[in-house]
Amino acid sequence: MRVHPLVSMILRRLALGLLTLFVISLFIFMAVELLPGDLAEEVLGQSATPETVAAFRRELGLDQPAVLRYLTWLGDVLRGDFGTSLANGREISDLLAGRFANTLFLAGYAAVIAVPLAITLGLLAALFRGSWFDRGVNVVTLSSISFPEYFVAYILLLFLSVRWGVFPSIADFGTGAGLKEMLYRTFLPMLTLVLVVTAHMMRMTRAAIINLLAQPYIEMARLKGANPLRVILRHALPNALAPIINVVALNLAYLVTGVVIVEVVFVYPGLGQLMIDSVAKRDIPVVQACCLIFAGIYILLNLAADVLSIATNPRLLHRK
């Protein structure tokens, strides 16, 4: 039975993604192994006796060879068991569930605002190329993308929270909060992410549309007297979807995996904040789990970008 080329491509990319994830897991484990100091001594403190340290090392399996420990850890991960937190003794899966949901909420909140805004601005900038609107949008977006996330976050905190008191400086909404309260308390971290990712998507949309405006079929549509907005939406945009989808997917991956700094600044109880706290406490199993989840999400979103790009432009399936 002949397999459809798109299905074959998806299977190949999935296999490559799994291989990439395996290599990343190896690097994560090696990076943890190269950390200075002894994990058991760091957790127990300087007052621990050698006997206590040795018993704790045996409990963690640190007395076993690194290869055996890696294979044991990888086997547990494949079964969905990330182990137990060294900081509080809780199951890591339970810790990750709530924090991961919070991170997805913040990323989704930002994506719902950023993606339509960026594409709309990109289309309008291409439609009015060279106008004051095009120049103004480019200046604003370039300015926002030139600053690091923490700088944008602290500027928003200074004006919208400290001076004007419009929004809270801490985004932790606790438990049992309603949707309206969650949206209100996470507005500043959402706005920070939107300002950071909108510029890239907007400029890519603008560049993709402008690149197609010189094509013969676009010129023909113009000669027929078609409305400029209709030319862009009906003729240029469908053929520019592949690069736009790619850049949107990459920025969505950033929204999920790159929120660490934003979560720390606004004390948001997400996966990034959990990872930073675990690094400070030398809670290595939690750090490994967070890194692996971030890597898996990034790989999945890149796979989705490839599939959607080819679905909108089947010519990408065939090599030239």
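Here the structure is shown first, and the text comes after it.
Source: prediction; values computed, not measured.

**Details of the packing of helix α5 (residues 92-127) against helix α12 (residues 241-257)**
Packing of α5 against α12 brings their axes to within 9 Å, and their N-to-C directions diverge by 150°. In terms of orientation, α5 lies roughly antiparallel with respect to α12. Handedness of the α5/α12 crossing: right-handed. On the side of α5, the interface is formed by T103, L104, A107, A110, A111, V115 and I119, while α12 contributes I244, V248, L252, L255 and V256.

**Let's talk about the packing of α5 against helix α9 (residues 187-212)**
Contact pair α5 / α9: the axes reach a minimum separation of 7 Å and the direction vectors enclose 35°. Crossing geometry of α5 relative to α9 is assigned as right-handed. Residue composition of the contact of α5 with α9, grouped by class: 23 nonpolar, three polar and one charged.

**Quick notes on the pattern of salt bridges**
Within the structure shown, the criterion is met by five salt bridges. Here R206 makes a salt bridge to D134, at a shortest N to O gap of 2.8 Å. Within this pair, whereas R206 is found in helix α9, its partner D134 is found in helix α6 (residues 132-146), the two being separated by 72 residues in sequence. Per residue, the accessibility class of R206 equals that of D134, and both read buried. Of the charged contacts in the structure, one is a salt bridge between R222 and E219, with a shortest N-O distance of 3.7 Å. Linking R222 with E219, this pair stays in helix α10 (residues 216-223), spanning three residues, or about one helical turn. On the basis of relative accessible area, R222 is assigned to the partly exposed category, the value being 41%.

**A short note on the environment of G75**
As for its placement among the helices and strands, G75 is situated in helix α4 (residues 66-78). Linking G75 and H200, residues 125 residues apart in sequence, is a C-alpha distance of 39 Å.

**Topic: the packing of aromatic side chains**
Ring pairs (aromatic) are described by centroid distance and by the angle formed between their planes. In the structure shown here, the tally under the stated rule is 13 aromatic pairs. Both rings, one in F159 and one in W164, keep their centres 5.7 Å apart while their planes meet at 50°; by these two values the pair is tilted. Overall, the relative accessible area of 57% leaves W164 in the exposed class. Taking the centre distance of 6.0 Å and the plane angle of 65° together, the rings of F173 and Y268 count as edge-to-face. Here the residue F173 occupies a position in the loop between α7 (149-163) and α8 (179-185), and Y268 occupies one in the loop between α13 (260-265) and α14 (271-280), the gap between them amounting to 95 residues. For the pair formed by F173 and Y268, the shared burial category is buried.

**Side note on α5**
Given a rise of 1.5 Å per residue, 36 residues ought to cover 52 Å, and the 50 Å separating the end C-alpha atoms of α5 matches this to within 8%. At A111, α5 shows its largest bend, some 30°.

**Quick look at the side chain of T257**
The topology assignment puts T257 in helix α12. At 2.6 Å, the side chain of T257 and the backbone oxygen of A253 are in polar contact. The contacts of T257, once residues within four sequence positions are left out, are F294, I297 and Y298.

**Quick notes on the side chain of R69**
Of note, R69 is situated in helix α4. R69 gets classed as buried once you look at its relative accessible area, which sits at 14%.

Rules used in this analysis
- Residues numbered from 1 in each chain as written.
- Predicted model: local features only at pLDDT ≥ 70, side-chain atom pairs only at ≥ 80, totals over all residues.
- Heavy atoms only, no water.
- Axes fitted to C-alpha atoms, helices over the stretch in contact; angles between N-to-C directions.
- Helix = DSSP H or I, 4+ residues; strand = E, 2+ residues; numbered from the N terminus.
- Parallel < 35°, antiparallel > 145°, perpendicular 65-115°, else oblique.
- Left-handed = near helix turned anticlockwise from the far one by under 90°.
- Contact = heavy atoms within 4.5 Å.
- Nonpolar A, V, L, I, M, F, W, Y, C, P; charged D, E, K, R; others polar.
- Salt bridge = Lys/Arg side-chain N within 4 Å of Asp/Glu carboxyl O.
- Buried < 20%, exposed > 50% of the residue type's maximum accessible area, 1.4 Å probe, protein only.
- Phe/Tyr/Trp six-rings, centres within 6.5 Å; stacked < 30°, edge-to-face > 60°.
- Expected span 1.5 Å × (residues − 1).
- Bend = angle between axes of the 7 residues up to and from the residue.
- Polar contact = N/O pair within 3.5 Å; in protein donor to acceptor, adjacent residues only side chain to side chain.

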